[in-house]
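Observations on chain architecture
Residue-level listing of the chains:
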Amino acid sequence: MIRFIGLVGYWFNNFLISFIEIFSIIALFIRYFPLSLSSKYHNRAIFFESFLNAVYQTGIRTLYVTSIISILFGLFISLQIINYVNININNLEAFVNLLIIFVIHEIGPLVSGIILILRATSFIAVRLSLMEVNDEYEVLKSFGINPIVFIVTPILSAFPLSLLAIIFYFDFLSISASYFILFIQNNTIEFGYFWKILLLKIGNIEIVITLLKAMIGGILIGAISILFSQKVEKKFSKIANSVATSITSATIVFIIINFVISLIGYLV
């Protein structure tokens, strides 16, 4: 019993420390973001170069995976709905409402975040872990480059923007794939009319929920990636553990964030 209590206390202590460290990284981002946009010490050029590379790694390189998964989800969801309900022009709004709940509210942000975590978090964690092991941060400082401007602010800027773009891309492809199944069942419903009804049904709450999940989730995923990459203690043997911990922690945190924001959205 005493051993169990000790393990719980050890776990809680590590969790609390990690929690404080994550928000310390976010605080550094808020503090140094204006400096990153300054032309002083070439900070702006350094920031944008790192930012564009981060966007490429976190956003553009995930498009092919996002395309496949979003289409499959869209086909699966529409098949399940149509299997129970015969959709026609009169009850099209009901079909659209279900798509908004399943795709835009829940599946789109959640799956997009997991795709970002699996693709980008592993890349960032490995890259920064290697920089820590090889003392590259000291090299940056010797060249007059602020590591926060070079690493923290670009990553925490790119992750939420990339996640937001992935969510929109996922939603569009998934809903378009859903229309394809609908068209097979009822070819009298036009694509333009279908999207017109859907866009009219999307309210402010859906937009706010999507933005919150992308912004909060993206920043936390980026901060977690940075945090655990600094815990390798300059040992190559700990890089694999750093990557695994980053992915696991980011996934758990992102799922919790999604659940909390969705719950608030339903209660409002």
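See the structure above.
Quick look at the structure, then. Fair warning: this is a prediction, and the values are worked out from it, not measured in the lab.

1. Some details on helix H6 (residues 147–185)
Compared with the 57 Å implied by 1.5 Å per residue over 39 residues, the 56 Å span of H6 between its first and last C-alpha is a close match. Of all the 39 residues making up H6, 29 are buried; the element is thus mostly covered by neighbouring parts of the structure. A distance of 2.9 Å separates the backbone nitrogen of Ile-148 from a side-chain oxygen at the start of H6, and that oxygen is part of Asn-146.

2. Thoughts on a nonpolar patch on the surface
A contiguous nonpolar patch, built from Ile-205, Ile-252, Ile-256, Phe-259, Val-260, Leu-263, Ile-264, Leu-267 and Val-268 and spanning about 890 Å² of accessible area, is present on the exposed surface. When residues of the nonpolar patch are assigned to their parent elements, the largest contribution, seven residues, is made by helix H9 (residues 239–267). Along the chain, Ile-264 falls in helix H9. We classify Ile-264 as partly exposed; its relative accessible area is 49%.

3. Description of the packing of helix H8 (residues 204–229) against H9
Contact geometry of H8 with H9 gives a least axis separation of 9 Å together with a crossing angle of 160°. Regarding the angle of H8 to H9, the classification is roughly antiparallel. By crossing handedness, the relation of H8 to H9 is classed as right-handed. Taking contact as the criterion, the partners of Ile-205, Ile-209, Leu-212, Lys-213, Ile-216, Gly-217, Leu-220, Ile-221, Ile-224, Ser-225, Phe-228 and Ser-229 in H8 are, on H9, Ser-242, Thr-245, Ser-246, Ser-249, Ala-250, Val-253, Phe-254, Ile-257, Asn-258, Ile-261, Ser-262 and Gly-265.

4. Considerations on the side chain of Asp-171
By secondary structure assignment, the location of Asp-171 is in helix H6. In this structure Asp-171 is buried but unpaired, with Lys-213 as the nearest side chain of opposite charge at 9.6 Å. With sequence-adjacent residues up to four places away left out, Asp-171 is seen in contact with Val-103, Ile-104 and Gly-108.

5. Points about the pattern of salt bridges
Using the criterion set out here, one finds one salt bridge in the structure. For the salt bridge of Glu-93 with Lys-201, the shortest nitrogen-to-oxygen distance reads 3.2 Å. Residue Glu-93 is located in helix H4 (residues 92–133), and its partner Lys-201 is located in helix H7 (residues 191–201); the two are separated by 108 residues in the primary sequence. Classification of Glu-93 by relative accessible area gives partly exposed; the value is 41%.

6. A look at the packing of H6 against H7
The interhelical angle for the contact between H6 and H7, taken along N-to-C directions, is 130°, at an axis separation of 11 Å. On the basis of their axis angle, the class for H6 and H7 is oblique. When the axes of H6 and H7 are compared, the crossing they make is right-handed. Each of Phe-172, Ile-175, Ser-176, Tyr-179 and Leu-182 in H6 lies in contact with H7, whose residues at this interface are Phe-191, Phe-194, Trp-195 and Leu-198.

7. Notes on the environment of Asp-171
Using a relative accessible area of 7% as the deciding quantity, one classes Asp-171 as buried. As for Asp-171 and Ser-157, which are separated by 14 residues in sequence, their C-alpha atoms are 22 Å apart.

8. A short note on the side chain of Ser-229
Structurally, Ser-229 is set in helix H8. Looking at Ser-229, its side chain comes within polar contact range of the main-chain oxygen of Ile-226, at 2.6 Å. Sequence-distant contacts of Ser-229, that is, excluding residues within four places in its chain, are made with Ala-125, Leu-128, Ser-129, Glu-132 and Ser-242.

9. Description of the packing of aromatic side chains
In this structure the tally under the stated criterion is 13 aromatic pairs. Seen in terms of ring centroids, Phe-73 and Phe-170 are 6.2 Å apart; in terms of plane orientation they differ by 55°. Their pairing is tilted. Of this pair, Phe-73 sits in helix H3 (residues 63–84) while Phe-170 is found in helix H6, placing the two residues 97 residues apart along the sequence. Classification of Phe-73 by relative accessible area gives partly exposed; the value is 28%. On the numbers, 5.3 Å between centres and 40° between planes, the contact of Tyr-179 with Phe-194 is tilted. Residue Tyr-179 is found in helix H6, and its partner Phe-194 is found in helix H7; the two are separated by 15 residues along the sequence. Overall, Tyr-179 belongs to the buried group, its relative accessible area being 9%.

The rules behind each value
Residues numbered from 1 in each chain as written. Predicted model: local features only at pLDDT ≥ 70, side-chain atom pairs only at ≥ 80, totals over all residues. Heavy atoms only, no water. Helix = DSSP H or I, 4+ residues; strand = E, 2+ residues; numbered from the N terminus. Expected span 1.5 Å × (residues − 1). Buried < 20%, exposed > 50% of the residue type's maximum accessible area, 1.4 Å probe, protein only. Polar contact = N/O pair within 3.5 Å; in protein donor to acceptor, adjacent residues only side chain to side chain. Patch = residues over 30% accessible without salt bridge, like charges linked within 9 Å, V, L, I, M, F, W, Y side chains within 5 Å. Areas by Shrake-Rupley, 256 points an atom, 1.4 Å probe, with all protein chains shown as cover. Salt bridge = Lys/Arg side-chain N within 4 Å of Asp/Glu carboxyl O. Axes fitted to C-alpha atoms, helices over the stretch in contact; angles between N-to-C directions. Parallel < 35°, antiparallel > 145°, perpendicular 65-115°, else oblique. Left-handed = near helix turned anticlockwise from the far one by under 90°. Contact = heavy atoms within 4.5 Å. Lys, Arg positive; Asp, Glu negative; His and termini not counted. Phe/Tyr/Trp six-rings, centres within 6.5 Å; stacked < 30°, edge-to-face > 60°.

That is the geometry; function is a separate question.
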